[in-house]
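# Understanding the architecture of this molecule
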Amino acid sequence: MFKTVFLCWSRNGPLKPKWWLFLVCAICFIRFSGPEIIEDSKIKLLNWKTCIGEILSRAKLAGDNTDSCSNNFVLSFSILKSFNVKILPSRLLSTLEVLWQPPPKGCIKVNIDGLARGDPSLIACGGIFQDENACHMGSFCDFLGEGSAALVDLLAAVVALERAKILGWKKIWMESDCSLVIKAFSDCSLVPWKIRSRWLICVEYFRSIDFMIS
C-alpha cells in the first residue's frame, strides 16, 4: 500500500504538501496493520514516537522498492528526503557535450542565459565573465519580474553589456544559446518595444568597443 502511495505521488507531481503524504501513510498504517493496532474493535493506544517511527520506516521501504523516477520539482525532492527515500533521477533523453572556448588574450568572454517558466511568467537571467585563463572576472544573477521566454534572453544580453560598460571593458565576446539574441545585434527591430531603449544604449556601447557575439 505504501508503494502505491509513492507511485501515485511520482506520477501526478507535487500536488499536495508534505503533511498530506505523511497523513496518507499514517492512515494506511492504521488501516492495514490488522491485529497489531485493532483489537476487540477498539484502537489500542501506542506511543506516538513508535507510530511515527513505524510510518517513516514503512514509507522508506516502499519508496526504496519502487523503480519510478523522481521529477524535477524541489517540493518532491524535499518530501523524499524527509522520508530518507533513495532518489532515482529522471533519465536523460540525450547528452550534448559542450566545450568552453577561451577568448583571445586581453578579451573578456561572457556566457549568458535566461530562465522563464510559462508565458508570461516570472523570469530571471544570469551570466559569467571570464578571461583567457578562465579566471572568474565577475558574474550576475538578476530577477527580472514578469516577462516571456522571448524577452528573457535579450534582457540577459542587456544586463551583461551594462555590467561590462560599468567595469570599463573594451574587448567583449558574448556567447548565448539563443538565436534571437544573435540576430538582434544586427536587426534592432527584433527587440520588443518594452526594452528597446535599453537595447539601443547597449548598441551604442558595443559599437564603440571590440565586440563579438556567437
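The structure under discussion appears in the preceding block.
These notes cover the structure that comes with them. A quick note: this is a predicted structure, and the numbers were derived from the prediction, not measured.

## Things to note about unusual backbone geometry
- A positive phi angle, near 65°, is found at Ala-134, a position not held by glycine.
- Residue Ala-134 is classed as partly exposed on the basis of its relative accessible area of 39%.

## Observations regarding the side chain of Asp-153
- Mapped onto the elements of the fold, Asp-153 is located in helix α5 (residues 149-167).
- Put simply, Asp-153 is tucked away with no salt bridge, and the nearest opposite charge, on Lys-183, sits 13 Å away.
- What Asp-153 contacts, discounting residues up to four positions off in sequence, is Ile-112, Asp-113, Gly-114, Asp-177, Cys-178 and Val-181.

## Comments concerning the packing of aromatic side chains
- Following the criterion strictly, the structure yields six aromatic pairs and no others.
- Ring plane angle 35° and centroid distance 5.2 Å describe the contact between Phe-185 and Phe-211, whose orientation is recorded as tilted. A residue pair is termed long-range when its members are at least 10 positions apart, and Phe-185 in the loop between α6 (179-184) and α7 (196-206) and Phe-211 in strand β7 (residues 210-213) qualify at 26 residues. Each member of the pair, Phe-185 as well as Phe-211, is classed as buried.
- Ring pairing ties together the aromatic residues Phe-185, Trp-199, Phe-206 and Phe-211, which thus form one cluster.
- One Lys or Arg, Lys-109, reaches over the ring of Trp-173 and ends 4.1 Å from the middle of that ring.
- Sitting over the face of the ring of Trp-193, Arg-196 holds its NZ or CZ atom 4.3 Å from the ring centroid.

## Comments concerning α5
- Between its first and last C-alpha, α5 extends 28 Å over 19 residues, near the 27 Å set by a 1.5 Å rise per residue.
- Along α5, the residues classified as buried are Leu-151, Val-152, Asp-153, Leu-154, Leu-155, Ala-156, Ala-157, Val-158, Val-159, Ala-160, Leu-161 and Ala-164.
- Just downstream of α5, Gly-168 is the residue with a positive phi angle, here 75°.

Rules behind the numbers
- Residues numbered from 1 in each chain as written.
- Predicted model: local features only at pLDDT ≥ 70, side-chain atom pairs only at ≥ 80, totals over all residues.
- Heavy atoms only, no water.
- Buried < 20%, exposed > 50% of the residue type's maximum accessible area, 1.4 Å probe, protein only.
- Helix = DSSP H or I, 4+ residues; strand = E, 2+ residues; numbered from the N terminus.
- Lys, Arg positive; Asp, Glu negative; His and termini not counted.
- Salt bridge = Lys/Arg side-chain N within 4 Å of Asp/Glu carboxyl O.
- Contact = heavy atoms within 4.5 Å.
- Phe/Tyr/Trp six-rings, centres within 6.5 Å; stacked < 30°, edge-to-face > 60°.
- Lys NZ or Arg CZ within 6 Å of the ring centre and 35° of its normal.
- Expected span 1.5 Å × (residues − 1).

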